[in-house]
Each structure stands twice: as C-alpha cells, then as structure tokens.
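# Examination of the molecular architecture
These are the residues of each chain, in order.
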Amino acid sequence: MTSLQNGEAVVIVDGVRTPFCKAGTSLASLAADELGRQAVNALLAKTALDPGLIDEVIFGCVSQPAESTNIARVIALRAGVPERVPALTVSRNCASGFEAITEAYTRIRAGRGSVFLVGGTESMSQVPFYFRRDAAAKFNALARSKSLVQRLSALEAFRPSDFKPTPGLKLGLTDPVSGLNMGATAEILAREFDITREAQDAFALRSHQRALAGRERLAAEICPVFVPTPGGSKTIVEDNGPRENQTTTALAGLKPVFDRSGFGTVTAGNSSQISDGAVALLVMTQQRADELGLTPLGRLVDFAYAGCDPKRMGLGPVPAIRALETRGFSLADTDLVEINEAFAAQVLAVLEQLREVDEGRLNVNGGAIALGHPVGATGARLVLTVLLELRRRGGRQALAALCVGGGQGGALRLERI
Amino acid sequence: MQPEAINPFDSLKAGSQAIQEKWITEPGKICVLTFDKPNSSANTLDRATLEELARRLDQIEASPDIHGVVFISAKESIFIAGADFELLTKGPEHRELLAEYLELGQRVFNRIAALKVPTVAAIHGACLGGGYELALACDYRIATPDKRTKIGLPETKLGIIPAWGGSTRLPRLVGIPRALDLILGGKTPNAERALRLGMIDKVVPREWLLRAALQVIGRKTKAHLPFWRGWGNRIMATTIGGKARAEALRRTRGNYPATIAALDVIIAGAGEGFGDPAPSLARERKAVSDLAANPECRNLFRVFMLQEHARKVAKEAARDVPPVRRVAVIGAGVMGAAIAQWLSAKGIEVLLRDVDASRVGAGMGRITKLYADAVNHRSITPREARDGMDRISPVAYEAPLKRAEWVIEAAVEKLAIKEQLFHGLDAQTLPATLLATNTSALPVARIAASTGRPGRVLGLHFFNPVHRMPLVEVVIPEGGDPDVKRRALALVQQIGKTPVVVRDTPGFLVNRVLLPYLMQAAAAFDGGASVEAVDTVMLDFGMPMGPLRLADEVGLDVALEVAQTLAAAYPDRMSVPPFLAKMVEAGLLGRKSGRGFYDYPGAKGEPRTNWNALNFRTGGTAPDSVSLRDRMVYRMLDEAARCQDEKVVATAEDVDLGMVLGAGFPPFRGGPLRYADSLGAESIVAGMKALLMEPCARLQTMAAQNQKFYEDAAD
C-alpha cells in the first residue's frame, strides 16, 4: 500500500472516560482538570502503566479554566505523572480530542517519543461568564484608584448594564468569522439539503434508543466519577443524557431554537447535548506495547483534517474523509463509522454527500444527541467507543469523524490489529 | 552586607562546647550564638549548656559597645528541643538537683531578658519547651516556614508545666486565652500559625533567617509589649480564671494535675499584670517540684520515652529501606478507607479497590469527609487535602496490582474470604510485593498459607479511628522473613505511626486485653448497672472513653465478632454475654446505626443513653462503683500479665506502650503492667479473688514471691 504502512505503527492501547453528564447536573461541580484527572487516574490504574514511561501528556480542551491554563499539565501533575514529563494542551474546537491523538501520532512518527497519554476534557458547566470590555476597563480603573475621591469617581462610571455578564458558552458556540451560531449553520444545511424536521427528529430518537440499548456496552468504557459532597461523596457511574421515554411526539413538540421564522427545524432535541466529561487514552508504538505486554485496542492508520465553509461547518467530515480516500481509505471496507452528532441535520447532510454509509454501521451505540458533547472530550470518546465496538464485533476497519466549529472536519482511520 | 566574624573571646573556644560564638561588626557589633551540640542532631538545654550560656552572657554583659544578640541553631531540624528531663525520671532523692536546675534555667533566661540591647531568637526547626522559653526571653522571635519548625510549650503532656518563664512570659506576649490554649493543650503550631497567634514576630525563609535577625537588631529598639495587655490579663484573670479552672477540672477529671497547676500559675501570674515576674517564676518552680514528686509525672514521662524508643527502633529498621511510594488497599469499608486516607495524606499513592462502585463510592465519601474534617480542624490546608485526594485511585473491579509495593487488605473479617482474596493476590501482584492484612483477630499464618509466598505475608493492624490512633500492631507469623519485619517497621514509621511487634496469637495484644474489659462492662450492664455508671467509673479511671461508648464506636457487630473469636480461643476466661448478640440482631450496632448503648442524634447532638437497650438485659442488682471499676480494670491487668507471660510482645514496655497507644489506657498510670506494679500483685490477686475472679498463674506467683514486672518500679 502507501507509505502509511511503513513507519512505526501507532496504537491505542486502552482508554477510559468519565460518564458524560448534561451541563448543570451531576458533574457540574467538577472543574475540567478534575474530570481529566479522574479519567487519567482510572486509566493508569487499569493499565498499571508506570507514568514515568510517558513521553508527553497531550489533552484537548476548548474552554480551559482560567485557573488551569495548560490544563494538560495540571491534569498530569495531579494524576501523579512525574514532574519531568512535559504536557501540552491542544485545541481544534470540537476536534480537540482528535487533535490530542493525532498530535501523539505525528510526534511518534517524527521519532519524538513513543508513549503518550492523551485525551480530552471539558466542563461546559463551568465555562465562565464574561464582563464586556468597557465594563472590565471600569473594574480596572477602580482597582488602580488610590484615594477616596478617585475611588468614588471610578465607581460613578459604572452603569447597571455593566454588571450583566455574557455567557462564555454562547460566545464559544458562535463562529466569530461568519457570526453564526453553530445551530444556525445546521439550519443552513437543513435548508440546502432539504432535511425535514421529521427526519432530524427520527435520527435523534434513534440516537437515544441506541444509547439506551448500548448502555451495558458503553459501561465498559466508563470509570465511575466521585463527586465530593458536603457529607462525603456521590458516585456517578453512567451517562445521564439518554432519555428512557423519548418519543417522536415529545421531540416534535420542541420549538426550533436557532431559526424562529416559523420554518426552523433544529431544536434542542435534535442537537447534541451540552455536557461535562473527560476521556483518557494511551497511545504508543506497537513495539512499545509489545515490550510492556499490553494488547492494544487498535491502530491509528491515518488521519486527515480539512477545511470548509464556516457557515456550513457541519459538512466538515466530507472533505476530511475524501482526503483519507486519496490515501487508500475505502468507506466500503469500513465495518463501523462514528460521525459525531453535533446536529442531526448536519449528520444527515454528511450522509447524503457520502452516500455509502448505511445505518447498520453508523453510531451503533448512539451519539452526542443522546450521550452529550463535551466539546474538548468528544473526539477521544468517538475513538474509544468505536474501537471497543470493533473488538466486540470482531470487525477490522473503523472510521471516526466529526465536524468542527469554524469550518473544519476531522477523520481518523482506525484498524484492529 | 556580608557579616564579618571577629573573635575577641578565643579562650572560650577551647574544649567541647554546645554553643558557637561569632561576633559580627555590621550593622553593629552583634553576638551570634549558634547552638550546635557536638555529636548530636538535637540541641537541648542540659545543665552544661546552660552554664556555658551563662558564661557567654558574662562576656556579652561586659561588652560595652555591643548592639545585640542573636540565638540560632546549626541543626537541620531542631532549634532547641527543650530541657533535659532526665532528673524527672529519678526518684525523690533528686528533688534538690531538680530545684537547682530549674533555678539555673530561670536565672540564665532572666539575664537574657534583662540585656540592654535587642535580642532575637532565629528559629528553624523544633522550638519546644525550654527552647521556646529561651525565645520568649528574647525581644524578637523570627522563624522559618519550614515543615520542621514547630513552636510551643508541650510540657503539660509530660505531666509538668513550663517553668523557665514560659508560664509567665507567654501570657504576657499573647494574652491569657491563647496562652491557656497553647500551654494546657501542649500545642506546637507551625510558624505561620504561630505568627497569627502572636507567638513569633516574623516568618522568613531559612536562607534569610540570620539576615532578618540582624536587620531587626539594626533598628536598635527593645521590644515593648502593648501596655493594655497587662491590664487585659489582670481583668481576664479575675473574670475567666475561675471558670477556666472549673472547666479544666471537669475535663481532666482530676487525673492531670499538671494541667491544673499550669492554669493556676498562668492565672496567678496574669493577675499581676506587667508586675515583677519573680513571684510567678517562683510559682513555676514550685509547681514543677510538686508535680515531679507525683508518680503521674514519672509515668507520663516514661510513656513518652517508650514512644521515642519505639520510634527510634523503627527508624533504625527503616535505614536503607527506600520509602514506600505505592500501596494498594483492598476493601473500601471503614478501615480500608481510613487507611487509604492516612497513607495518601502521608504522600503515598494509593490504589483503593473494592468489588463494586457503590462500595468504592462509600469509601471515597469517607475519605472526602476525613480530609474535609482535617481542613476544618486546620491540621492541613485545602491544597494538601486536594493533593491527598489526588493520590487515591479508586477502582471497582479487580484492577492489576503490579505497581503496588505493598497490598494492605481490609476486607470483611471472614477467614474464608480473606484466604480466597490472598490466593488471588498471588497472581495479581509481583512476587516481591508484600501482602498485609488488617485483621484484628484472625490468624495471620492461615491467611499467609493461602498464598505462594507465606514469608511475605504479615499483619498490619491499624486501630479505629486510624487518623487518631497512633499504634499499628505488626504481626509477623512464625518463620516470617526478618527483612519483611524490617520493611513493615519502616512503613509504619514512614506514615508517622508507632509500631509494636506482636505474635500471631488471637487478638494480638490490644484487642486481647481490651475485649475482656469490654465484656466485663457489658456483663455489668447486663447485670443491672446503668450505662452512665459503667462508663463514668472508667472515665474517672482515666480512659478517654467509657467501655460501652467505645463498643458503640467500634460497632457492636464488630465487637461481637472479635469477642466471639477470642471467646473461642480463650474459653477458660472469656465469654460473650448473650444479650449482645440480641442487640446486634435487632440492628442496634452502635454509632453507625445511630443506636447502641447510646442514642446518636446525628452529627451535632450529644449521645444519650438508649433506654431501649435496657430491654435486652437480664437485669439484677447494680454493683457499687468501686467493685464495678475493679472488675473491669483487674481483667485488663490480668490479661496484660498473661500477654507478657506468653511473650505476645517482646517486653513489658511493649505491653504498656501498646495499651496506652492502642487502647487509650491512661498514660499517667504508665500502662497496665506499670499500674499493676503500683498496686502490687498481692493486692490485685486478693482483690480479684474477693470478686470471685481467677487471677492468672503469673500474677499468683508474683504475689507469692512479691515480684514486680519492672525492677525499678519505685511507686
């Protein structure tokens, strides 16, 4: 085949994730570094890997907490990775979890290390609120004023509107170039590809049904998370996104959020959930895994990122997959496909363009519409989920892809060894 | 500014000396006295050192152009550890020597206090007792934020009071309430806390310690206490003095005379405001002379020495043993979680494993709460608590244990379960991993036999609550590897506990002596004594907790199980009152179920007698409180004598230390064997027979031959 097969094989040895929980619920009190730490602790315990063997820790995170800049380093140190092991945080928006894995791949293939602890973490519950710039300037002036007179005049400058913060989450989910909210980009695709509300809701319902049916299978990738409470600790063991009693009627009753013209189709029900969660994966060379006596879940064969129109960011997976195809990848030979469900409309538009992905192999254990989409962590979850499912089915080839806010797509070609 | 040394008093440099003298000319002529006792890691204020200090003061007083004096230590972890207490252990014939020694110290410190130039104590490391009293005699106190720096007056813990001016000067410096809290509690805060309490003036990193001291002297001012402090102390002495005394008496039940003596000296001295300290200093001396005549003081001191000795032995064993970094704890129940918490707090990474997420979760809840409590009590910072929590990896499945250097098992107390578990551990761990069980009564040898490495299996018996009980029983089965024992002692020492090596016999030491006592208490209750009566006599005896309350805290189900194991092992003298099983069956499990001998009204309220428990007992007539106490105490002494006789531990000292640290036997009584000696075997045997109890052969022989457990037992 191509030169891809020549360099050192990069394998994903093992992984775990926290449960994904809707923002503001069970995991809301845990900051992103704490979520990441618990996942890493669980992974190190599971694999019994000596963290001293790690060459670098790479974590994806979109909204890094202000108190944990370079969150990967914070996670690494708190999880007991030796101080001498460096760490970096990567962001490619929704593909940050992918980026952590592919960055490890790139470094391995460049001969810069052989063992990488990677993952993604996001606490969308704890994305901060911001003051407007002019309000912040007034706070600064107040902090700098010394005399009473100065202080009073600084205080006088404030207006009630200065105290109204902007939710960081809303800013993060808006594309600064096109000015469109992510949901609005999905509405564009729904219009252009003529994807009906019914089709979107049916897709969403199926996501919930599959996630519920796959609950036990998903449990294999989840480590319990312990949330401190005033009296002790609460144990969270499963995703709380999938809805037991989800019905077509209930979905149909929801109001479109992004297009209020009366013809909008994208609702909270057929969009991904805003969630908290973290994933940790162990990436190394096949040779290193052999030496350590570890049996990998699978191999990362190839990957691609590609750009597209930010207003149609949901189509991102298409150019990324096409790029893989130029290097010998064939959708037809792929046993399982994970395409992140940012929006039902967006996935359906991608499927329409790809034309060869049947539902039997797409998101078989549900997707972000049911499980949630903690942006920095999702990419790593797709890889973990699909590799475990591939092993369960005895399949060989898998694809994980997602769309990226700002107009990009990412696709990872995976293979069981 | 580079301090330059000149040496005007070369003659003093001759011979062995504990204090180095160095004269500095910038920012003025300053004398730096560095305490550095030769061939020792510690500085103490023994007689010779005090005399040497007095000679140095002669020179300083005679020096006309001096600007100040700095006291500093050259030791790594000690400023000055305190006085030399050897005289306290001696009999009354040394009373005069002791009085002289006290006077000498006071005289020297008074001279420091009277110097016309500024004086600074530059404190790095332990600054305790006499060491802090020296610092109190100085104008200024500067300390390092180092972990090793601890500052305070812990004398009351040894049954005496600060008598080199500490009881007089500390109240003047920090006020009565804080002085009472610090001296009566024997507290030794770190530098930051000491600064907040006003015990010291400044905290600076060790590298700048001397520079900071010189800078203070450069200001050329003597320290002045706030004028209102003298009046404040006078007022408080009259207003809160009486109340504080009554409270201290109630709390100590008259068992700790040093606490009361310290309080009296402090209050009387404070009542004199900023007047002449001489009368107060005289009261300090008299109090110590009086206290030293009591056996309580000698016993407290002895227990302290026993503990130091045990630590030293463990430290010796720990030499060349690399520190343990990773331990797996199996079982996240009360004990497992508490052990995991303690290890993690001591810097060890812990894999906490149990069979399902809810049990692990409950364990993590306990650990979270233990850390939260420690933060609330200010014994650790929130960051330290988080770091500790971060070291724990909870797992709810059979995770591999290949990285663990030790496994400590704290699962259910069922032999079959433990055997199966240890059998499994064989394959899950590396062959070099040491396997320990926290069993409180099961034979360790049997558990060891279920593995392929019986020589590397041992018992590490922690006591509940782990964070407060300083003892760990180390159980090495017959034929155990001596290296294993060494490493066990090293681990126990690493985590700041005191090890006692015990033989692999049912109940080991502490439970074996404690259980018959608890069963006597239960039998007395069964026979008609009230819960209060039983618990009160033992509280008066000096136990930290009454026996029935203790049973509640341990859990009646756990106590019952241990009691049954012991009753099976020693059927001739141990039995379990049947009502206990009925209480357990009815769900009265003690504190954890909210009801046992007492009712526990949630986290805040005081426990009250559980009248319901009365329904379970047989009833009868309540024994009088003296025979009630004697029954319980004699059983403990008798069983302790048996343990000594059967060499359950190596020495009588081990029995006493184990019971004081593991069971809370009153330290001022010196431990059960020491206490038995003070009663006399004859009197114990007669007393037991009068209560229709059968004393052991050892006690009978000792009674017949007028023997004692300790040859030097003077009282």
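As a reminder, the structure under discussion sits directly above these lines.
A brief report on the enclosed structure follows. (Residues numbered from 1 in each chain as written. Chains lettered and ligands numbered in written order. Predicted model: local features only at pLDDT ≥ 70, side-chain atom pairs only at ≥ 80, totals over all residues.)

Glancing now at the overall build of chain A. A count of helices and strands for chain A gives 15 helices and 14 strands. In summary, chain A has a C-alpha radius of gyration of 22 Å against a globular reference of 22 Å for 417 residues, a match within 12%. Taking the principal axes of its C-alpha atoms as reference, chain A extends roughly 75 × 55 × 45 Å. Of all 417 residues assigned to chain A, the portion counted as buried reaches 54%. (Helix = DSSP H or I, 4+ residues; strand = E, 2+ residues; numbered from the N terminus. Rg over C-alpha atoms; globule rule 2.2 N^0.38 Å. Buried ≥ 20, exposed ≤ 12 C-beta atoms within 10 Å, placed from the backbone.)

Okay, the overall build of chain B next. When its secondary structure is counted, chain B shows 28 helices and 20 strands. What you see for chain B is a C-alpha radius of gyration of 28 Å, in line with the 27 Å of a compact globule of 715 residues. Summarising its shape, the C-alpha atoms of chain B cover approximately 80 × 60 × 50 Å along the three principal directions.

Moving on: the environment of B:L691. Residues and elements named next belong to chain B. Note that L691 resides in the loop between α27 (681-690) and α28 (697-705). Residues L691 and S627 lie 64 residues apart in sequence; the distance between their C-alpha atoms is 7.6 Å. Leaving out residues up to four positions away in the same chain, L691 has contacts with S627, D630 and R631. (Contact = placed C-beta atoms within 7 Å.)

Residues and elements named next belong to chain B. The element strand β12 (residues 349-353) is extensively covered by neighbouring structure, given that five of its five residues are classed as buried. Going residue by residue along β12, you find E349, L351 and R353 tucked away on one face and V350 and L352 tucked away on the opposite face as well. Bridge count between strand β11 (residues 326-330) and β12: five bridges; the pairing is parallel. Bridged to A328 within β12 is L351. In this region the chain leaves β11, passes through helix α13 (residues 334-345) and returns to the parallel neighbour β12; the handedness of that crossover is right-handed. Here β12 pairs with strand β13 (residues 392-395) via four bridges, running parallel. If you follow L352 over to β13, its bridge partner there is P394. (Pairing = 2+ DSSP bridges. Right-handed = clockwise from strand over helix to strand, strands pointing away.)

A separate point is the interface of chain A and chain B. Counting residues at the interface gives 18 residues for chain A and 21 residues for chain B. Listed by contribution, the elements that provide at least two residues to the side of chain A that touches chain B are α1 (32-47), β8 (225-229) and β9 (232-236) of chain A. Counting residues per element, the side of chain A that touches chain B draws most heavily on α1(A), at six residues. For the side of chain A that touches chain B, the per-class residue count stands at eight nonpolar, six polar and four charged. (Nonpolar A, V, L, I, M, F, W, Y, C, P; charged D, E, K, R; others polar.)

Residues separated by three or four positions in an α-helix point in the same direction, a consequence of the helix having 3.6 residues per turn. All names here are of chain B. Along helix α23 (residues 578-585), the positions that sit buried rather than exposed are L580, M583 and V584. The buried residues of α23 occupy an angular sector of 100° when the element is viewed end-on, so they sit on one face. Residues of α23 that are exposed and angled more than 90 degrees away from the buried face: P578 and E585. Where α23 is buried, its residues meet α19 (510-526) and α22 (556-569). G587, located one to two residues past α23, shows a positive phi value of around 85°. (Arc of directions from axis to C-beta.)

Residues and elements named next belong to chain B. Tracing the sequence through the fold places D552 in helix α21 (residues 547-554). Take D552: there are 28 C-beta atoms within 10 Å of it, and that puts it in the buried class. Between the C-alpha atom of D552 and that of G590, which follows or precedes it by 38 residues, the distance is 3.9 Å. Sequence-distant contacts of D552, that is, excluding residues within four places in its chain, are made with G590, R591, G596, F597 and Y598.

A separate point is the pairing of strand β4 (residues 68-73) of chain B. Residue and element names in this part refer to chain B. For β4, the tally of buried residues reaches six of six residues, placing the bulk of the element in the interior. Side chains of β4 alternate between two faces, with G68, V70 and I72 and V69, F71 and S73 buried alike. When strand β3 (residues 30-35) meets β4, the two strands line up parallel, connected through six bridges. Bridging from a neighbouring strand, F35 pairs with S73 of β4. Each parallel crossover has a hand, and for β3 linked through helix α1 (residues 47-62) to β4 it is right-handed.

Before going further, it helps to spend a moment on helix α6 (residues 176-184) of chain B. Residue and element names in this part refer to chain B. Considered for burial, the residues of α6 that qualify are I176, A179, L180, L182, I183 and L184. Of the surrounding elements, those touching the buried residues of α6 are β9 (151-152), α5 (166-174), α9 (227-252) and α10 (257-270). G186 sits one or two positions beyond α6 and adopts a positive phi of about 60°.

The next subject is the packing of helix α4 (residues 133-144) of chain A against helix α5 (residues 148-156) of chain A. Residues and elements named next belong to chain A. Close contact between α4 and α5 brings their axes to 8 Å; oriented N to C, the two are set at 170°. Between α4 and α5, the crossing angle belongs to the class labelled roughly antiparallel. Counting all contacts with α4, which are made through K138, A141 and L142, the residues of α5 involved are R151, A154 and L155. Of the residues in the contact of α4 with α5, the class split is four nonpolar, no polar and two charged. (Axes fitted to C-alpha atoms, helices over the stretch in contact; angles between N-to-C directions. Parallel < 35°, antiparallel > 145°, perpendicular 65-115°, else oblique.)

Quick look at the sheet that holds strand β5 (residues 78-80) of chain B now. Residues and elements named next belong to chain B. One open sheet holds the three strands; their spatial order is β5-β7-β9, and the pairing between them is parallel. Lying at the two open borders of the sheet, with one neighbouring strand each, are β5 and β9. Pairing analysis gives two bridges linking strand β7 (residues 126-128) to β9, with the strands arranged parallel. Within β9, the position partnered with C127 by the bridge is I151.

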